[in-house]
Amino acid sequence: MPRRAARAALPLPDLVVLVLQGGGALGAFQAGVYEALIDLGIELDWVAGISIGAVNAAIIAGNPRDEAVGKMRQFWEGVSSALPPLPIADNDLLREWTHLGAAAQVATFGVPGFFVPRMPPPMFAAKQTPAAVSFYDTEPLAATLDRLVDWDRLNNGKVRLSVGAVAVETGNFRYFDTTTDTIDARHIMASGALPPGLPPVEIDGVWYWDGGIVSNTPLEHVVESANEDMLVFQVDLFPARGERPHDLEEAWSREKDIRYSSRTRRISDGLVRRRKEHRLIDRMLRKLPPEARDLPEVKAVEKMVDCKALNVVQLIHQPPAWQTGARDFEFSRSTMEVNWALGRDAVEAAMKGGQLLAESIVEGRSDSFAVQSDMLRPKDG
């Protein structure tokens, strides 16, 4: 029997997944998305994240459902400035300058409970050590994660967790997954170790950097690892579409959006293309005579064909006009609250079409791939 959400009669498939992209301070948007999903009574089976998405995912998987939102609130309030917002919300230009000032403060002093500037600076550290190849020390994040995450629940609980990182010496991308690995703070920190700001994390003798260097979304890993009908809530922190920039600041912002969203778009396009090909192959196989379908080669092809239902609800952070290219390292309290609210708004927009989405899940079990993006974008502001 399909599970049902608390506020809407929304039949859910066998597997419900939350996919969280990397994006630093923009991760507060993901926290808002998760809070809204919990309010709707939607149960998650699997959370996959990269970078700050890995941090949020660990908090989700490492806490009881009814406590996870509160722990995420503790994290985001802890890493954001407690300074009260200035009364300039209606003036985009002034707010932009305040936003840039807050980002400069982070670059100078770090983020509480997350990272601090290295003292002494990296040029004075022993060569080929994490301290020599990074400007900040992330030891505060290890303590924060240990305080907010129940690692036993994370590794043995009901919610599967996957986080991606890249090996520094080989360039090989790797997912640490609770189905195969015992995950602790090191794995989460490795997924978010973006150079040269943050240091590599050593796991079993291997240095790892931020998985976003290779791929900023875990969608492909989720799809390739699943064997069930699936609904994915994909939370993207950088929009692929945007206007022509007016000045250097907007060019910086737009370049970052394209750079971090391009991999997501390529993966999504590849999944659509592959599933169309698989549908054609499946139809062809069904037309073969029984004796041909018993051939080992045909059976091997049948196993390769993926016709599981896959529905993706794409929730995209659309930055307000005053958020610049510095928005992924601007951790002020007021901006955090704005991003959190935008995440809630995105889910509310998606659930307005909840019944339509439910019909897509039920009717398209054999070959459905539905990506809803434009109409599910949150409003600016």
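Basis of the calculations
- Residues numbered from 1 in each chain as written.
- Predicted model: local features only at pLDDT ≥ 70, side-chain atom pairs only at ≥ 80, totals over all residues.
- Heavy atoms only, no water.
- Helix = DSSP H or I, 4+ residues; strand = E, 2+ residues; numbered from the N terminus.
- Buried < 20%, exposed > 50% of the residue type's maximum accessible area, 1.4 Å probe, protein only.
- Areas by Shrake-Rupley, 256 points an atom, 1.4 Å probe, with all protein chains shown as cover.
- Core = buried A, V, L, I, M, F, W, Y, C linked by side-chain atoms within 4.5 Å.
- Contact = heavy atoms within 4.5 Å.
- Salt bridge = Lys/Arg side-chain N within 4 Å of Asp/Glu carboxyl O.
- Axes fitted to C-alpha atoms, helices over the stretch in contact; angles between N-to-C directions.
- Nonpolar A, V, L, I, M, F, W, Y, C, P; charged D, E, K, R; others polar.

- As recorded in an unreviewed UniProt entry, the protein goes by Patatin-like phospholipase family protein and comes from Sphingopyxis soli.

1. A word on the overall build of the protein
Move 1: In terms of helices and strands, the protein carries 13 helices and 11 strands.
Move 2: Expressed as a percentage of the 381 residues in the protein, the buried residues total 54%.
Move 3: Of the roughly 17800 Å² that the protein leaves accessible, carbon and sulfur atoms contribute 55%.

2. Quick look at the nonpolar core
Move 1: Among the nonpolar cores identified, the biggest contains 78 residues, and Leu 18, Trp 76, Ile 188 and Phe 233 are the most heavily contacted of them.
Move 2: Those residues in contact with Phe 233, other than ones at most four positions away along the chain, are Val 16, Val 17, Leu 18, Val 19, Leu 37, Ile 42, Val 313, Leu 315 and Met 351.
Move 3: Membership of the second largest hydrophobic core comes to 15 residues, among which are Val 17, Val 19, Leu 219 and Val 223.

3. Things to note about the pattern of salt bridges
Move 1: Applying the stated criterion to the full structure yields 14 salt bridges.
Move 2: Asp 66 is paired through a salt bridge with Arg 65; the nearest N and O atoms lie 3.4 Å apart.
Move 3: Relative accessible area serves as the criterion here: at 67%, Asp 66 is assigned to the exposed category.
Move 4: We classify Arg 65 as partly exposed; its relative accessible area is 27%.
Move 5: By sharing partners, the salt bridges in this structure join Glu 35, Asp 39 and Arg 344 into a single network.

4. Things to note about the packing of helix H3 (residues 65–79) against helix H12 (residues 333–351)
For any two helices packed against each other, the geometry comes down to the angle between their axes and how far apart the axes lie.
Move 1: Where H3 meets H12, the closest approach of the two axes is 10 Å, and the angle between their N-to-C directions is 145°. On H12, the residues that touch Val 69, Met 72, Arg 73, Trp 76 and Glu 77 of H3 are Arg 333, Met 336, Glu 337 and Trp 340.
Move 2: Considered class by class, the residues forming the contact of H3 with H12 number five nonpolar, no polar and four charged.

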